[in-house]
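# Notes for the structure review
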Number of protein chains: 2
Amino acid sequence: MDKRFQEFIVEKGLKSTRERREIVDAIMETTGHFDPEELYRRLRDAGSKVSRASVYRTIPLLIESGFIEEVERVDKHAHYERVIGTQHHDHMICTQCGKVIEFYSPTLEMLQDELCCKENFRKVRHHLEILGICAECRGEHA
Amino acid sequence: MDKRFQEFIVEKGLKSTRERREIVDAIMETTGHFDPEELYRRLRDAGSKVSRASVYRTIPLLIESGFIEEVERVDKHAHYERVIGTQHHDHMICTQCGKVIEFYSPTLEMLQDELCCKENFRKVRHHLEILGICAECRGEHA
DNA sequence: CTTCATATTGCAACTCAGTCTCAATTTGAG
DNA sequence: CTCAAATTGAGACTGAGTTGCAATATGAAG
Ligand SMILES: [Mn+2]
Ligand SMILES: [Mn+2]
Ligand SMILES: [Zn+2]
Ligand SMILES: [Zn+2]
């Protein structure tokens, strides 16, 4: 069970339950993006007894604690990814095959800070999604 | 009725119906973001007989023709905005009051092009959302 | 270790945006 | 004008996400 989430639970006066621990652990073992249904199935398949309701109820806590973030909406359901223990990045998404390229640009980050400053806006987080076609889907070899 | 959408309809071998014309016209009169339910209500209130189904069925056509784009997902429903006859821009959204600041930065656009080039990704469109707190919500005067 | 107020759980019923089916109507090419 | 093909409205349906509730688990206090 992640220490930071544990602290969050205690500070908020919530309880550390097996269900929450199982959910957090399952996400720790996840690389890449996931959706709640998938996470729920994964838990069940691993023998857990957590309910779908608990999974959905835990997600807002995980977001509030800064453990995960919502990253995309595909097929009208939300997708998340762990942000604790990973570096911040943005996404290029291939609209043909769904492939996700993660990238990070300090210049891009700084530029955003400047823009927010100019608008007198206090940036908390951001979300950049570049949609297009990946090299493979364009049938280019190199 | 917007000329470009009209052309799109013809080229696709679709039909120009009163319903589609009414929907397009209603969006032309819209400034800012809107959601399908709102649009539907607005049409009805103006005396139109269009059905909710037609509104939802027309939206994908409007997107495909480049007339509107999906801009945000709030309260788990989609929001759109007209992009024909407006300049491309991105958004800063206040998580406290919901205010939307629209901004445009050529530098930001170019930087994205460079990053895509580096990843060998063909950018088609993008979507940058900066979440944070606006000046008013921070209780600052100036 | 026991007690007990409070938080949490599973389940199933529910909500609501969005989709689909189908019979009736409209469109526009010929 | 005719007629195949497209579109429409109504309402049933879907599926992600939420919620009420009774049963259960947690953990602070004693
Ligand atoms: Mn990612
Ligand atoms: Mn806008
Ligand atoms: Zn691809
Ligand atoms: Zn605000």
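Remember, predicted model here, so these are calculated numbers, not experimental data. (Residues numbered from 1 in each chain as written. Chains lettered and ligands numbered in written order. Predicted model: local features only at pLDDT ≥ 70, side-chain atom pairs only at ≥ 80, totals over all residues. Heavy atoms only, no water.)

## Some details on the protein's contact with DNA strand C
Rules: Whether a residue is near a molecule or strand is decided by its heavy atoms; if any one of them lies within 4 Å of it, the residue is near. Polar contact is the term for a pair of N or O atoms within 3.5 Å; when the atoms are in protein, one must be able to donate a hydrogen and the other to accept it, and sequence-neighboring residues count only if both atoms are side-chain atoms. Gly falls in the polar group here, along with every residue not listed as nonpolar (Ala, Val, Leu, Ile, Met, Phe, Trp, Tyr, Cys, Pro) or charged (Asp, Glu, Lys, Arg).
Residues in contact with DNA strand C amount to 21 residues; listed here are only the nearest, Lys 15, Arg 20, Ser 51 and Ser 54 of chain A together with Lys 15 of chain B. Sugar and phosphate atoms constitute 74% of the interface atoms of DNA strand C, taking the interface as everything within 4 Å of the protein. Between a phosphate oxygen of DNA strand C and a main-chain N or O atom of Lys 49 of chain A, the distance comes to 3.0 Å. At 2.3 Å from a phosphate oxygen of DNA strand C is found a side-chain nitrogen or oxygen belonging to Ser 51 of chain A. Residue composition of the surface near DNA strand C, grouped by class: seven nonpolar, five polar and nine charged.

## Brief notes about the side chain of Gln 112 of chain A
Short version of the rule: Think of it this way: any DSSP run of H or I at least four residues long counts as a helix, any run of E at least two long counts as a strand, and we number them from the N terminus. Contact definition: two residues touch when any of their heavy atoms are within 4.5 Å.
You can see Gln 112 of chain A is positioned in helix H5 (residues 106–118). Setting aside residues no more than four positions away along its own chain, Gln 112 of chain A makes contact with Lys 123 and His 126 of chain A together with Leu 128 and Ile 130 of chain B.

## As for the domain arrangement of chain A
All names here are of chain A. Filter applied, for reference: Residue ranges for the domains originate in an automatic or database domain assignment. Accessible area, probed at 1.4 Å, shrinks when two parts are joined; the buried area is that loss added up over both. Just to be clear on terms, a salt bridge is a Lys or Arg side-chain nitrogen sitting within 4 Å of an Asp or Glu carboxyl oxygen.
Under the domain assignment used here, chain A contains domain 1 (1–86) and domain 2 (88–142). Each of domain 1 and domain 2 has a C-alpha centre, and the two are 24 Å apart. At the boundary of domain 1 with domain 2, total buried surface from both sides reaches about 530 Å², with 47% on carbon and sulfur atoms. Inspection of the domain 1/domain 2 interface yields zero salt bridges.

## Focus on the coordination of the manganese ion (ligand 2)
Each angle at a metal carrying four tetrahedral donors should ideally be 109.5 degrees, and each at a metal carrying six octahedral donors should ideally be 90 or 180 degrees. Residue and element names in this part refer to chain B. Put simply, the rule reads: Sites may look incomplete because water is not among the atoms; the donors themselves are N, O and S atoms within 2.8 Å of the metal, or within 3.2 Å for Na, K and Ca. Only four donors with every angle between 85 and 135 degrees are called tetrahedral; only four or six donors with opposite donors over 155 degrees apart and all others between 65 and 115 are called square planar or octahedral, in that order; all others are irregular. Each residue is assigned to one of three classes by its accessible area relative to the maximum for its type, calculated with a 1.4 Å probe on protein chains only: buried under 20%, partly exposed between the two thresholds, exposed over 50%.
For the manganese ion (ligand 2), every protein donor is listed as His 33 (NE2), Glu 81 (OE), Glu 81 (OE), His 89 (NE2), His 91 (NE2) and Glu 102 (OE), and the spread of their distances is 2.2 to 2.8 Å. In this structure, the manganese ion (ligand 2) is surrounded by six donor atoms whose angles at the metal cover 51 to 172°, and the resulting shape is irregular. Considered as a linear motif, the donors of the manganese ion (ligand 2) on their single chain read H-x47-E-x7-H-x1-H-x10-E. For the pair formed by His 89 and His 91, the shared burial category is buried.

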